[in-house]
Amino acid sequence: MLSKFMVATLVGAAVSVPAMAEEPAKQSFKHEGYTYVYQVKDTKTGQVISGRRYPDAVAFNLAIKNGKVSGVSNGQPVSFDVEEARGAAD
């Protein structure tokens, strides 16, 4: 499952990605022996971060809306404030 530290990394990337009409580029980072490959999409209701953790190809899909992160990681629901994730990276 994604830790709040990893989500802080994803949220930071989501905030820094400019809105584009074309398909968003995939991004990646490594943490504790895993590689996370994801893309960030802007939607009408907020941003969506989706991707997979390798080498086991575990999927995650997170939505950022109104200061909240929610979604599914490794088949488990996740939900917390964006600020909680940012605090985990400090």
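Residues numbered from 1 in each chain as written. Predicted model: local features only at pLDDT ≥ 70, side-chain atom pairs only at ≥ 80, totals over all residues. Heavy atoms only, no water.

**Observations regarding the sheet that holds strand β3 (residues 46-54)**
Strand pairing in a sheet takes place through backbone hydrogen bonds and is either antiparallel or parallel in direction.
Then, in step 1: Ordered by their spatial adjacency, six strands build an open sheet running β1-β2-β3-β4-β5-β6, and the pairing between neighbours is antiparallel. Only two strands of the sheet have a single neighbouring strand rather than two, namely β1 (27-31) and β6 (76-81). Strand-to-strand twist across the sheet, computed as the mean angle between neighbouring axes with direction ignored, equals 20°.
Then, in step 2: Where strand β5 (residues 68-73) lies against β6, six bridges are found, and the strand directions are antiparallel. Looking at β6, one finds that serine 70 is bridged to serine 79. (Pairing = 2+ DSSP bridges. Helix = DSSP H or I, 4+ residues; strand = E, 2+ residues; numbered from the N terminus. Axes fitted to C-alpha atoms, helices over the stretch in contact; angles between N-to-C directions.)

**Structural notes on the environment of alanine 57**
Then, in step 1: Here alanine 57 shows up in the loop between β3 and β4 (58-65).
Then, in step 2: As for alanine 57 and asparagine 74, which are separated by 17 residues in sequence, their C-alpha atoms are 9.5 Å apart.

**Section: the confidence of the model for the protein chain**
When pLDDT is low, close inspection of the predicted coordinates is not appropriate.
Then, in step 1: With 67% of its residues at a pLDDT of 70 or more, the protein chain shows a mean pLDDT of 76.
Then, in step 2: Of all helices and strands in the protein chain, the one with the weakest mean pLDDT is helix α1 (residues 4-16) (58), whereas β3 scores best (89). (pLDDT = per-residue confidence, 0-100.)

**Some points on the nonpolar core**
Then, in step 1: Judged by nonpolar contacts, Phe29, Tyr36, Tyr38, Val40, Ile49, Phe60, Leu62, Ile64, Val69, Val78, Phe80 and Val82 together constitute the single largest core of 12 residues.
Then, in step 2: Every element with two or more residues in this core is listed here: β2 (34-43), β4 and β6. (Core = buried A, V, L, I, M, F, W, Y, C linked by side-chain atoms within 4.5 Å. Buried < 20%, exposed > 50% of the residue type's maximum accessible area, 1.4 Å probe, protein only.)

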